[in-house]
Amino acid sequence: MSKGHDLSRVRNIGIAAHVDAGKTTLTERLLFYSGASHKIGEVHDGQAHMDYLAEEQAHGITIMSAVTKLPWRDHVLQLIDTPGHVDFTIEVERSMRVLDGCIVVLDGVRGVEPQTETVWRQRSRFNLPTLFFVNKMDRPGADYAHALETVRKQLGGEPVPVTVPFPGRNAVVNLVTGELLGFGGDQGETMTGETCDPATWESLAGARETLLLAAAEADEALAEVVLSGGRPEPEQVWSALRTATLGGRIHPCFGGSALRNLGVQPVLDAVVRLLPSPQDRPPATARRTDGGTVTLPMEPEGCLAALAFKVQMWEGRRHVFTRIYRGTLRPGDPVVIPRPDGSLVQERVARLFDVDAHQKNRMDEASAGQIVLLAGLRHASTGDTLCCPEEPLTLERIEALEPVLGLAVEPASAQDEEKLLEALDKLQQEDPTLRLFEDQETGQRVLRGMGELHLQIVFERLEREFGLRVRAGRPEVVRRETLAGSAEGEASIQRLFEQEHRQLELRADARVSVTPLERGAGLVTESNPVVLPEGQQLSPLQAEAVAAAARDAALTGPLAGYPLQDVQIRVEQVTLYGAPSAPPALYQAVSTAIRKAMANAGGILLRPIMAVEVVVPEENFGSVLGDLQSRQATIQASAIHGGTATARCTCALDRLLGYTTDLRSLTHGRGQFTMRFERFDTE
Ligand SMILES: Nc1nc2c(ncn2[C@@H]2O[C@H](COP(=O)(O)OP(=O)(O)OP(=O)(O)O)[C@@H](O)[C@H]2O)c(=O)[nH]1
């Protein structure tokens, strides 16, 4: 693809789902049927094409989203496989940001599951047109209509059946064309179509009506045909479905079984027919350095604007996955990255690669609409905008998530200290949800991540990729503080100090107030104080010192020194005494006054509260609920469907440590759970 390439034939598509719904199994089929891979790698053999990290193969889960491309009916599909485990949510978020459409995979027995809701929220944030593939229809208890109902009820989506699976006949019916599609050959690669028999067609009258009415809403001419009982042309129905899907009004659904090679090719057809090309999406918007906004039509001619969405080490070298929104990029091109402080970082792109799961093909150029891999960039990281030096722009940044679990780390052998720091630095560049802190009091290094599995995988990578054995402390949950009440504080600073043999005086007074806010309000600092004596004003440097004092004071709560939140800090009044009221004097007066006010107010400890969903076999539900209650979880909802029980609750992260192992033993390995950070709270 390059300048002049037909973007209308490109689809940038993600596949997302709850863990184990079958994304990887489906992706393997998509690659195989399109000819992009020559054999199907099965997840349970540790052979999946996209799961290329050794940890992924060992755990049988997808950790890094890998980008790959495949040809289908004269189109190019760029596919991003996204991980299902909630510890890797950031990967899903990054992918959604640069995609044009997505396929959500459901388990035909379970329908919508907790993590499906999370990915749904993420795709909704970017208004991504979405198809559903209801997988595992071969399993006993699979129920297509029920799965679609969960899309409506739990996600508020508008599910519209396009194919209906008949696993017993190894076929699906296409409701648009009226064909019964069979899947022959060794691996379902030969799709054959015949007119559906009248009895089966009759049994699908309700589903077909849903489909036609949904399509008719998008096309008046079609509505007339449908309402007068006529049989519309398939092309007209496809076109109306496309309009409704792109507008986010409907979510076309396809049924089948990836593992049994049933119903997959119609999904590939649907990606081409129903999901948007980059040109069909609303143009991206970006901020100029002067604060104004610009919209970026997807065109190869303009000045470059591209978003780095993932950094990955490859054969020891730094590579940056990038989506180009405007312009064309060639090897050797200079680019700039605007930083939040207004500075510009200069970089040069050395090489461009086409992306595939584990091979790279060099490119001479790439342009708007494409996702490419760039080598040679030393500074660009996730969320950065790359642009041409003539027009610096910033595209909306990808939201970083809060890492809430920490572990003290040290190398097993003391001489590996440097090596460990270097390795962690590399890993942090790839993964913004991983952060290394130094504990000021103990001098220990603490690595923070999204959960136990996330950190465990990091340790495994340290060992495998960097040859480092690491000793880890007990998991420690990140904490915050808030205030127990409102209070005021005052401070007067007056002291002498010596600078270059001269006695200088520092003097200033400050009065502040602190007030607890409702949960989730965050931290609000107001630093526009009344200035005394009347008529005086703060210089820009003095004003900055006052603001900095308020910001810095909020980093250390009165109870145990954790960062404060859900608090308002107001600098009410400062008194100036001429030259001695230099910025350091104001900084000290304001900090001391805030510390006094906070001590007067008293602190309250806040812990991370997680939203948890547990899915277990019905017979284990009693003991699992009992266990959750003993962890003081607040159960919010529970339901039993088809032998599977689901509970939704909130619980303090402290009491969930080791829950993976405990749930496994309570359910003989059959239970699953997901959790995501909800808020910092007392309980
Ligand atoms: N019966 C049945 N099993 C399936 C089907 N599709 C996938 N599986 C099995 O379900 C399990 C999970 O499949 P994966 O493809 O790894 O699921 P995933 O959604 O990629 O999982 P993560 O990468 O861990 O998020 C594997 O054991 C598959 O063999 C299906 O259509 N029918």
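Heads up: the structure comes first, above all this text.
Note that the structure is a prediction, hence the values are computed from the model and not measured.

Criteria and thresholds
- Residues numbered from 1 in each chain as written.
- Predicted model: local features only at pLDDT ≥ 70, side-chain atom pairs only at ≥ 80, totals over all residues.
- Helix = DSSP H or I, 4+ residues; strand = E, 2+ residues; numbered from the N terminus.
- Pairing = 2+ DSSP bridges.
- Axes fitted to C-alpha atoms, helices over the stretch in contact; angles between N-to-C directions.
- Expected span 1.5 Å × (residues − 1).
- Buried ≥ 20, exposed ≤ 12 C-beta atoms within 10 Å, placed from the backbone.
- Arc of directions from axis to C-beta.
- Contact = placed C-beta atoms within 7 Å.
- Parallel < 35°, antiparallel > 145°, perpendicular 65-115°, else oblique.
- Left-handed = near helix turned anticlockwise from the far one by under 90°.
- Nonpolar A, V, L, I, M, F, W, Y, C, P; charged D, E, K, R; others polar.

Engineer: Honestly, the environment of R169 in this entry has me stumped. Any pointers?
Structural biologist: Locating R169 in the fold gives a position in the loop between β7 (163-166) and β8 (171-174). Taking the C-alpha atoms as reference points, R169 and G182, separated by 13 residues in sequence, lie 8.1 Å from one another.

Engineer: What is the right way to read the sheet that holds strand β12 (residues 284-288) from this model?
Structural biologist: Consider a sheet: its strands pair through backbone hydrogen bonds, and that pairing is either parallel or antiparallel. Strands sit in the order β13-β12-β24 across an open sheet of 3 strands; the sheet is antiparallel. Whereas interior strands pair on both sides, the edge strands pair on one side only; in this sheet they are β13 (293-296) and β24 (393-395). Sheet twist, expressed as the mean angle between neighbouring strand axes with direction ignored, is 40°. Both β12 and β13 contribute to a ladder of 4 bridges, which runs antiparallel. The partner of A284 across the bridge, within β13, is L296.

Engineer: Just checking my understanding: could you explain helix α13 (residues 540-553) for this structure?
Structural biologist: Quick reminder: α-helices carry 3.6 residues per turn. Residues three or four places apart thus point the same way. Compared with an ideal rise of 1.5 Å per residue, which puts 14 residues at 20 Å, α13 spans 20 Å between its outermost C-alpha atoms and is within 8% of the ideal. Buried within α13 we find Q542, A545, V546, A549, A550 and A553. One side of α13 holds all its buried residues, which, seen down the axis, span an arc of 130°. Summarising the geometry of α13, the exposed residues directed more than 90 degrees from the buried face are P540 and L541. Where the residues of α13 are buried, they touch β32 (523-526), β34 (567-576) and α14 (583-601).

Engineer: What is the right way to read the packing of helix α7 (residues 205-216) against helix α9 (residues 234-246) from this model?
Structural biologist: Each pair of packed helices can be summarised by the angle the axes make with each other and by the distance between the axes. At a minimum axis distance of 8 Å, the contact between α7 and α9 shows a crossing angle of 70°. One element, α7, and the other, α9, form an angle in the roughly perpendicular class. Of the two elements, α7 crosses α9, and the hand of that crossing is left-handed. Mapping the contact onto sequence places A214, A215 and A216 in α7 and V237, A240, L241 and A244 in α9. Looking at the contact of α7 with α9 residue by residue, the class counts come to 7 nonpolar, no polar and no charged.

Engineer: Please explain the environment of R480 as it appears in this structure.
Structural biologist: Topologically, R480 is positioned in strand β29 (residues 480-483). Judged by the 21 C-beta atoms lying within 10 Å of it, R480 is buried. As for R480 and G561, which are separated by 81 residues in sequence, their C-alpha atoms are 8.6 Å apart. Beyond its immediate sequence surroundings of up to four residues, R480 is in contact with Y562, P563, Q565, L606 and F680.

Engineer: What exactly am I supposed to notice about the pairing of strand β9 (residues 179-184) here?
Structural biologist: On a regular strand, one side chain projects to one face of the sheet and the next to the other, so that they alternate. Only one face of β9 is buried, namely the one carrying E179, L181 and F183, since none of L180, G182 and G184 on the opposite face is buried. Relative to β9, β8 runs antiparallel, the two being bridged by 4 bridges. Bridged to N174 within β9 is E179. Hairpin connection, β8 to β9: the antiparallel pair is bridged by 4 residues, and G178 has positive phi, about 75°. Here 6 bridges tie β9 to strand β10 (residues 190-195), and the two strands are oriented antiparallel to one another. Of the residues in β10, the one forming a bridge with E179 is T195. Hairpin connection from β9 to β10: 5 residues lie between these consecutive antiparallel strands, with G185 at a positive phi of about 80°.

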